[in-house]
Amino acid sequence: MTASSEKDRVLIFDTTLRDGEQSPGATMTHTEKLEIAGLLDEMGVDIIEAGFPIASEGDFKAVSEIARNAQNAVICGLARASFTDIDRCWDAVRHARRPRIHTFIGTSPLHRAIPNLTMDEMADRIHETVSHARNLCDNVQWSPMDATRTEWDYLCRVVEIAIRAGATTINIPDTVGYTAPAESADLIRRLIAEVPGAGDVVFATHCHNDLGMATANALAAVAGGARQIECTINGLGERAGNTALEEVVMALKVRHDIMPWKTGVDASKIMNISRRVATVSGFPVQFNKAIVGKNAFAHESGIHQDGMLKNPENFEIMRPEDVGLTESNLVMGKHSGRAALRDKLRQLGFEVGDNHLKDLFVRYKELADRKKEVYDDDLVALVGATSEAENEHLQLVSLKVVCGTGGPAEAMLEMEVEGREASATEQGDGPVDASFKAVRAIYPNNARLQLYQVSAVTEGTDAQATVTVRLEEDGRIVTGTSADTDTVVASARAYIHALNRLIVRRAKTGPGEDRREINWKDVS
Ligand code: KIV
Ligand code: ZN
């Protein structure tokens, strides 16, 4: 009996690298995508949606390489309802031991209007494209995008067509996060009961979190008969994001008494991958996020602390170690060597190359000199701050800032631009503004600042600050991060990191050619 046919088994379909990465600014590099896919495979995710191969050359390469590397997981690529998309997708996933093509079309009235197809024309298109995909691959998933706002009769009709054409998984997306739990369960239950052939396929649920109900809707869909949950690490995704993998996995574990389904995910790997996705996507996890937030297991109030000491079960429904959270330990002394650093990073889930380790070691030593106590979280922040050494067209050499009451702040900044040193002194409205102006004086650019965010990594006034900077230029959105005990230095570095990413993106795509320009609606 295969896993998918076990009645109590729910397949976990992770789309961090496709729907998650589609979130503006969350773009990951090729190496980062391969690393995340490796971690997903290792933690027991059943299906990895690795990308949208037709979207760009980069997506295609990433999906192909992930397909080649995968050990256990099914590797899936996304394709619109067009032969060209499907062929390109197949070319990328065919290298996998277990490939899957996922093809979709918007079926709700609003989405049908976009390609300007009548209901009958769309039904024909679905039949042709799913049949085409099935001729290439045994494992085909089909999605009626915006299913939860599609007329019931039409939804039944197109689902039946897709099943007849050979789809093996039918995914029911709540594309705009519109549904509610009772409705979500009911929709799947009725589809399974009423669509001919429904018993021969796996039904999947794909929920967005616009009303904060994505996890509840996904679990309700499982109660209604869905046996595949589509989700992302940290709930990464456009707008309010997707169903969070860590939430559904832990909910099914902790409340197995009322939700008697299991997944194949090793929950103890959750914290590591969560940190890694936050770092590479540049989307920090909110402190009070369920399961993976910094405060998810923190008990600050006196009453709670007292109760916890008497019996952790008073206030904890799961143990931190269940999700791989170990106490943020004091790392190592400042005399520890490189091998010890590599070991510690491995324990934290980071596999770093020799060059990256060299950079990290330098930064670690600097940090250990300045900061009394260096914790695991400090190291995680450092990994994020040094992850793209290979793409450093711009590098901060030094920064001095004069600021305080009684006058504008002044930043004196030295930077290397493609190996050549340059300096600038600029005044600004505060030290960060002055530093960013100095960077722009040396490296003029029109990128618009979309987000500037600072958070403390650990407690204490000597804590490192993690800074996230998101920039937009000609439709390209990039995110830079950095960490330092000096907030202004971290800010300048994060800005420079974002600019480095922008330079790489410019080289790959001309204006308007960015993969996000791909027309989702165009199915011709
Ligand atoms: O949200 C959505 O509808 C999607 C589809 C492409 C499955 O992501
Ligand atoms: Zn989606």
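As the structure is a prediction and not an experimental result, all values here were calculated from the model.

(A) The arrangement of the site of ligand 1 in detail. Neighbouring residues of ligand 1: 12 residues in total, closest Arg18, Asp19, Thr175, His206 and His208. The side chain of Thr175 places a nitrogen or oxygen atom 2.6 Å from an oxygen atom of ligand 1. Computed on the free molecule, ligand 1 has an accessible area of 260 Å², of which 97% lies beneath the protein chains in the complex. Among the elements of the structure, helix 1 (16-20), strand 4 (99-106), strand 5 (140-145) and strand 6 (169-174) are those that each provide at least two residues to the shell around ligand 1. Here the residues of the shell around ligand 1 sort into four nonpolar, six polar and two charged.

(B) The coordination of the zinc ion (ligand 2), seen in detail. Looking at the metal site, the zinc ion (ligand 2) is ligated by Asp19 (OD), His206 (NE2) and His208 (NE2), spaced 2.0 to 2.2 Å from it. Mapped onto the polypeptide sequence, the residues donating to the zinc ion (ligand 2) form the spacing pattern D-x186-H-x1-H. In this pair, Asp19 is assigned in helix 1 and His208 in the loop between strand 7 (202-207) and helix 9 (214-223), connecting sequence segments 189 residues apart. Residue His208 is classed as buried on the basis of its relative accessible area, which comes to 6%.

(C) View of the nonpolar core. Ile75, Trp142, Val159, Ile170 and Ile229 are the most contacted members of the largest nonpolar core, which totals 93 residues. Looking at which domains feed residues into this core, each of domain 1 (11-281) and domain 2 (295-325) gives three or more.

(D) Seen up close, the environment of Ala147. Here Ala147 shows up in the loop between strand 5 and helix 7 (152-164). In this structure the C-alpha to C-alpha distance between Ala147 and Val176, which are 29 residues apart in sequence, comes to 9.8 Å. When sequence neighbours within four positions are dropped, the list of residues in contact with Ala147 reads Thr107, Leu155, Ile172 and Pro173.

(E) Highlighting the sheet that holds strand 12 (residues 448-456). Here we have three strands laid out as an open sheet, ordered 12-13-14, and antiparallel in their pairing. With one partner strand each, in any of the chains shown, strand 12 and strand 14 (476-484) form the two edges of the open sheet. This sheet shows a mean twist of 15° between the axes of neighbouring strands, independent of strand direction. Where strand 12 lies against strand 13 (residues 465-473), eight bridges are found, and the strand directions are antiparallel. Directly across from Leu449, in strand 13, lies its bridge partner Leu471.

(F) Spotlight on the packing of aromatic side chains. The full count for this structure, using the stated rule, is two aromatic pairs. Ring geometry for Phe436 versus Tyr452: centroids 6.1 Å apart, planes at 90°, classification edge-to-face. Within this pair, whereas Phe436 is found in helix 16 (residues 431-442), its partner Tyr452 is found in strand 12, the two being separated by 16 residues in sequence. A relative accessible area of 32% places Tyr452 in the partly exposed class. Measuring from ring centre to ring centre gives 4.3 Å for Phe436 and Tyr495, while their planes differ by 15°; the resulting arrangement is stacked. Here Phe436 is found in helix 16, whereas its partner Tyr495 is found in helix 17 (residues 487-508), with 59 residues between them in sequence.

(G) Just unusual backbone geometry, in detail. Despite not being glycine, Asp146 shows a phi value in the positive range, around 65°. Along the polypeptide, Asp146 turns up in the loop between strand 5 and helix 7. Of note, the phi angle at Glu418 is positive, near 50°, even though the residue is not glycine. Note on placement: Glu418 falls in the loop between strand 10 (409-417) and strand 11 (420-428). By relative accessible area, Glu418 is classed as exposed at 54%.

(H) Looking closely at the side chain of Thr103. Tracing the sequence through the fold places Thr103 in strand 4. Polar side-chain contacts of Thr103 include one of 3.2 Å to the backbone oxygen of Ala79. Those residues in contact with Thr103, other than ones at most four positions away along the chain, are Ala79, Arg80, Ala81, Ile86, Val130, Gln141, Trp142 and Ser143.

(I) Layout of the confidence of the model for the protein chain. Overall, the prediction assigns the protein chain a mean pLDDT of 89, with 89% of residues at 70 or greater. Between residues 1-5, whose pLDDT stays under 50, and residues either more than four places distant or in other chains, the model counts four contacts.

(J) A look at the pairing of strand 2 (residues 47-51). The buried fraction of strand 2 is high, at five of five residues. Across four bridges, strand 2 lies against strand 3 (residues 74-80) in parallel orientation. Within strand 3, the position partnered with Gly51 by the bridge is Gly77. Remark: the strand 2/helix 3 (residues 57-69)/strand 3 crossover connection has right-handed handedness.

(K) How the structure looks around the sheet that holds strand 3. The sheet built from eight strands closes into a barrel, its strands ordered 1-2-3-4-5-6-7-8 with parallel pairing. Each strand axis lies, on average, 25° off the axis of its neighbour in the sheet, ignoring direction. Here strand 6 pairs with strand 7 via six bridges, running parallel. The partner of Thr169 across the bridge, within strand 7, is Val202.

(L) Representation of the environment of Lys344. By the secondary structure assignment, Lys344 is in helix 13 (residues 338-347). Judged by its relative accessible area of 11%, Lys344 falls in the buried class.

(M) Summary view of the pattern of salt bridges. Overall, the coordinates contain 29 salt bridges when judged by the stated rule. Here Arg190 ties to Glu194 by a salt bridge, and the two come within 3.9 Å at their closest N and O atoms. Here Arg190 and its partner Glu194 are both found in helix 8 (residues 181-194), four residues apart, which amounts to about one turn of the helix. In this structure, the salt-bridge partner of Glu472 is Arg448, at a minimum N-O distance of 3.7 Å. Highlighted residues: Glu472 in strand 13 and Arg448 in strand 12, separated in sequence by 24 residues. Members of the salt-bridge network, linked through shared partners, are Arg18, Asp19 and Glu49.

Cut-offs and rules
- Residues numbered from 1 in each chain as written.
- Chains lettered and ligands numbered in written order.
- Predicted model: local features only at pLDDT ≥ 70, side-chain atom pairs only at ≥ 80, totals over all residues.
- Heavy atoms only, no water.
- Near = heavy atom within 4 Å.
- Polar contact = N/O pair within 3.5 Å; in protein donor to acceptor, adjacent residues only side chain to side chain.
- Areas by Shrake-Rupley, 256 points an atom, 1.4 Å probe, with all protein chains shown as cover.
- Helix = DSSP H or I, 4+ residues; strand = E, 2+ residues; numbered from the N terminus.
- Nonpolar A, V, L, I, M, F, W, Y, C, P; charged D, E, K, R; others polar.
- Donors = N, O, S within 2.8 Å, 3.2 Å for Na, K, Ca; no water.
- Buried < 20%, exposed > 50% of the residue type's maximum accessible area, 1.4 Å probe, protein only.
- Core = buried A, V, L, I, M, F, W, Y, C linked by side-chain atoms within 4.5 Å.
- Domains from an automatic or database assignment.
- Contact = heavy atoms within 4.5 Å.
- Pairing = 2+ DSSP bridges.
- Axes fitted to C-alpha atoms, helices over the stretch in contact; angles between N-to-C directions.
- Phe/Tyr/Trp six-rings, centres within 6.5 Å; stacked < 30°, edge-to-face > 60°.
- pLDDT = per-residue confidence, 0-100.
- Right-handed = clockwise from strand over helix to strand, strands pointing away.
- Salt bridge = Lys/Arg side-chain N within 4 Å of Asp/Glu carboxyl O.

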